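# A closer look at the structure
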Amino acid sequence: MERRLAAIVCADVAGYSRMMGTDEAGTHAAFKAHRSAIHPIILNHGGRVVKNTGDGFLLEFPSIVGAAEAAIAMQMLMAERNHHLPAERTMQFRLGIHMGDVIADEDEVFGDDVNIAVRLESVASPGGFAISAKAYKEASKHLTVSLVDGGNHRFKNIKDPVAIWTWTPDGATALAPDLKEGSALSQQYRTAIVGVLPFANLSDAQDEYFSDGLTEDLIHALSLQSFYRVLSRNSTFAFKGNNVSTRVIAREIDATYLIQGSVRRAGAKIRVTAELIAPETGEQLWTGRYDRDIGDLFAMQDEITTNLSAAIATEIVRAEASAPARLSTDVTAWDRFLKGLSHYYRQTKEDLSAAVDLFREAIRLEPKLSIAHAYLATIQIQSIQFGWVKGTREMWAEAMQLAETSVRLDPRSSFAFSILSWAHALEGHDEAAMDAAKRAVALNPYDMGARGVLGICHFVIGEHRQAIELFSMAAQRDNSDPRYQWAALNAFSHYLVGQYDATLSWAREQLYVNPNHMQALAIRAAALAQLGRTGEAVEATGVLMGNYPTLNVDRHLRNFHWKRPEDIAHYRDGLLKAGVPASKLTLVQSDVRRAAES
């Protein structure tokens, strides 16, 4: 156990029991969706989730300013998500904020100051927060919103009265992207066939146009992906209103996967549910529910389409990668590619090495297989960033060549242009990177990976606020795709704007997935050093050097082609403060290490 100063945020949902009594499954699904949406905000402000409860959660922040700013951002987002919803379905958090000395035992925190935060939550207004006067005094000069004096309150099991301040936000709005044309990957390599059944209209007949329109938009959005074939509207709308099993439908139209769903309208709100199923087995591979205000109908329809297509596309690729039983006994290029993809999704050093061999074999068997070139380029880049291979000029040149070949073979693939942009950005070709990223987004506005890669372009030229916004968007909607490491990228972005607590939160998130991620280990050490947490920085550097004993600052920074010299200098400064050797000739211990050991 240890004692430390911390800021604590406690949250619950106002009226949760009533909502559960009305619609248990829907309320639970909506709560999980809201909680996932605000998670990047918590990480961006340096926080961590201590525990989740049935109708809330407890958060810890190293800074009261970060805690208060996160609370404001969370409630602003919730106001946006609740805007124009019927009163009975609005889900509002109440937040309590306090700071003080806590007892930390493993991942839990305890103490009177934690209890005060819990009590403050009970007097907060739905959609707002209550903050203790002690915490408000420390945070107020850094906040851009006005709070109201809430007076003194006495709470159960708290000896002294607690003075509080309160705040409640206004709402906000969001926009959605346009549509473009699809991919040209040869159909012989898209063995998965996807059918989107007409979404059932559970409301009045006059709303039939919306359910049909949403189905058509989803067919279009999914067809922009290059990995699989999507059946046309005419193939699936023939089954509209027919009470036929999905297995029969799938056999009739030769579909590998089916997507079905429903639309229900209640007042000013639309609820859309959807599921992805493997009809031969009946297995439900994914399910989602979206509650939205009707408001701007077309913008809302685009938003739902974006969320649906991003989630479903990732799950189809994952399902295909884990379904070798459907493959032919003949050794074909597509057989080798899918087998390589199954290894790639495991994300270990050994599996990535196996994937490289299989992707190379697929390219040897079919040199025109664009997607194999793109994935092989991805692995080349990631292996260097993970620290699993040495980043030689030959490797970077091959990654670039693979990306360029992928684009040439499939000039309508958003993924191919994303990887080309990524390679250009890491090589310091800023304009070429930005051009390729914008092309990727234009080809498929629903591809969250493309939007995240656009964030990489902003990042390398020093536009870190824009990068953080795009990385966070990608993390919210497409965080399970191993092609992109949004947590590590967010860690670097926050480091370069001096938000070291957020850097640590995002680095920790990346290390949950890959405990040996070299760049995440390095940025964590640098951030700890910049925060003056000397002992922890030395320990973090020890872990980094234990995994990568030949690493030094000069060698590490050779792979960073950031436009602004001050960004490189900032990162170098943190690494040196943390005790990472400047070069392989460095024999003298750093000041940080000497201080820690003295």
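Conventions used here
Residues numbered from 1 in each chain as written. Predicted model: local features only at pLDDT ≥ 70, side-chain atom pairs only at ≥ 80, totals over all residues. Heavy atoms only, no water. Helix = DSSP H or I, 4+ residues; strand = E, 2+ residues; numbered from the N terminus. Buried < 20%, exposed > 50% of the residue type's maximum accessible area, 1.4 Å probe, protein only. Polar contact = N/O pair within 3.5 Å; in protein donor to acceptor, adjacent residues only side chain to side chain. Core = buried A, V, L, I, M, F, W, Y, C linked by side-chain atoms within 4.5 Å. Contact = heavy atoms within 4.5 Å. Salt bridge = Lys/Arg side-chain N within 4 Å of Asp/Glu carboxyl O. pLDDT = per-residue confidence, 0-100. Axes fitted to C-alpha atoms, helices over the stretch in contact; angles between N-to-C directions. Parallel < 35°, antiparallel > 145°, perpendicular 65-115°, else oblique. Left-handed = near helix turned anticlockwise from the far one by under 90°. Nonpolar A, V, L, I, M, F, W, Y, C, P; charged D, E, K, R; others polar. Phe/Tyr/Trp six-rings, centres within 6.5 Å; stacked < 30°, edge-to-face > 60°. Lys NZ or Arg CZ within 6 Å of the ring centre and 35° of its normal. Expected span 1.5 Å × (residues − 1). Arc of directions from axis to C-beta. Pairing = 2+ DSSP bridges.

## Structural notes on the overall build of the chain
A count of helices and strands for the chain gives 24 helices and 14 strands. With 598 residues in all, the chain has 57% of them scored as buried.

## Here's the deal with the side chain of His458
Structurally, His458 can be placed in helix H16 (residues 448-460). Its relative accessible area of 15% is what places His458 among the buried residues. At a separation of 2.5 Å, a polar atom in the side chain of His458 contacts the side chain of Glu463.

## Considerations on the nonpolar core
Judged by nonpolar contacts, the single largest core of 131 residues is most densely connected at Phe199, Leu308, Phe337, Leu341 and Tyr571. Ignoring sequence-local partners within four residues, the contact set of Tyr571 consists of Phe492, Tyr495, Ala522, Ile523, Ala526, His556, Leu557, Phe560 and Trp562.

## Brief notes about the pattern of salt bridges
For the structure shown, the criterion picks out 20 salt bridges. Its salt-bridge partner being Arg48, residue Glu60 comes within 2.9 Å of it at the nearest N-O pair. Here the residue Glu60 occupies a position in strand S3 (residues 56-61), and Arg48 occupies one in strand S2 (residues 48-53), the gap between them amounting to 12 residues. The two residues Glu60 and Arg48 agree in class, both being buried.

## With respect to the confidence of the model for the chain
Keep in mind that low pLDDT regions are not for reading the predicted coordinates in detail. Looking at the chain as a whole, the pLDDT averages 83, with 90% of positions reaching at least 70. The least confident element of the chain is helix H24 (residues 591-597), whose mean pLDDT is 43; the most confident is helix H23 (residues 565-578), at 96. Confidence over residues 171-190 falls short of pLDDT 50; this stretch has 51 contacts with residues more than four positions distant or in other chains. Contacts of residues 325-330 to residues separated by more than four positions or lying in other chains number 7 contacts, the stretch itself having pLDDT below 50.

## Some thoughts on unusual backbone geometry
One non-glycine residue, Gln347, adopts positive backbone phi at about 60°. Along the chain, Gln347 falls in the loop between helix H10 (333-344) and helix H11 (349-365).

## Description of the environment of Leu489
Structurally, Leu489 can be placed in helix H18 (residues 486-496). Residues Leu489 and Ile468 lie 21 residues apart in sequence; the distance between their C-alpha atoms is 8.5 Å. If we skip the residues at most four places from it in the chain, Leu489 touches Ile456 and Phe471.

## Things to note about the packing of helix H2 (residues 24-44) against helix H17 (residues 464-477)
At a minimum axis separation of 9 Å, H2 and H17 run at an interaxial angle of 140°. When the axis of H2 is compared with that of H17, the two are oblique. Judged by the sense of rotation from one axis to the other, the crossing of H2 with H17 is right-handed. Of the residues in H17, those touching H2 at Ala37, Pro40 and Asn44 are Ile468, Ser472 and Gln476. When grouped by side-chain class, the residues that make up the contact of H2 with H17 number 3 nonpolar, 3 polar and no charged.

## A word on the packing of helix H12 (residues 370-386) against helix H14 (residues 414-426)
When two helices pack together, their arrangement is given by the angle between the helix axes and by the axis-to-axis distance. Running from amino to carboxyl end, H12 crosses H14 at an angle of 30°, the nearest separation of the two axes being 10 Å. As H12 packs across H14, the resulting crossing turns out to be left-handed. Contacts from Ile371, Ala374, Tyr375, Ala377, Thr378, Ile381, Gln382 and Gln385 of H12 reach H14 at Phe415, Ile419, Trp422, Ala423 and Leu426. Here the contact of H12 with H14 is built from residues that sort into 10 nonpolar, 3 polar and no charged.

## What about the side chain of His494?
Tracing the backbone through its elements, the reader meets His494 in helix H18. Excluding its chain neighbours within four sequence positions, the residues that come into contact with His494 are Asn44, Ile468, Gln499, Ala502, Thr503 and Trp506.

## A short note on the packing of aromatic side chains
Under the counting rule described, the total for this entry stands at 23 aromatic pairs. Ring geometry for Tyr344 against Tyr375: centres 5.7 Å apart, planes inclined by 80°, an arrangement best described as edge-to-face. Of this pair, Tyr344 sits in helix H10 while Tyr375 sits in helix H12, placing them 31 residues apart in sequence. On the numbers, 5.8 Å between centres and 35° between planes, the contact of Trp562 with Tyr571 is tilted. Ring pairs connect the aromatic residues Phe459, Phe492, Tyr495, Tyr500, Phe560, Trp562 and Tyr571, which therefore count as one cluster. The cationic tip of Arg483 hangs over the ring face of Phe415; the distance from NZ or CZ to the ring centre is 4.3 Å.

## What to know about helix H4 (residues 112-123)
End to end, H4 covers 17 Å across 12 residues, agreeing with the expected 16 Å (1.5 Å per residue, within 8%). Buried within H4 we find Asp113, Val114, Ile116, Ala117, Leu120 and Glu121. End-on view of H4: buried residues confined to an arc of 155°, all on one side of the axis.

## Comments concerning the pairing of strand S6 (residues 129-132)
Side-chain direction in a regular strand flips from residue to residue, so the side chains alternate between the two faces of the sheet. Of the two faces of S6, the one lined by Phe129 and Ile131 and the one lined by Ala130 and Ser132 are each fully buried. Where strand S4 (residues 93-105) meets S6, 3 bridges bridge the pair, whose relative direction is parallel. From the neighbouring strand, Leu95 faces S6, where its bridge partner is Phe129. The sheet contact formed by S6 and strand S8 (residues 162-167) spans 4 bridges and is antiparallel. Following the sheet pairing, Ile131 is matched in S8 by Trp165.

## A closer look at the pairing of strand S7 (residues 148-153)
The buried fraction of S7 amounts to 0 of the 6 residues, a small share that puts the element mostly on the outside. Bridging between S7 and S8 involves 5 bridges; their strand directions are antiparallel. Each bridged residue has a counterpart across the sheet, and for Gly151 the counterpart in S8 is Ile164.

## A short note on the environment of Asn152
By secondary structure assignment, the location of Asn152 is in strand S7. Residue classification places Asn152 among the exposed positions, given a relative accessible area of 59%. Distance from Asn152 to Trp165, taken between C-alpha atoms, is 9.3 Å for residues 13 residues apart in sequence. Asn152 has contacts with Pro161, Val162 and Ala163, leaving out every residue within four places of it along the chain.

## Some points on the environment of Ala432
For Ala432, the position within the fold is in helix H15 (residues 430-443). Residues Ala432 and Ser421 lie 11 residues apart in sequence; the distance between their C-alpha atoms is 7.0 Å.

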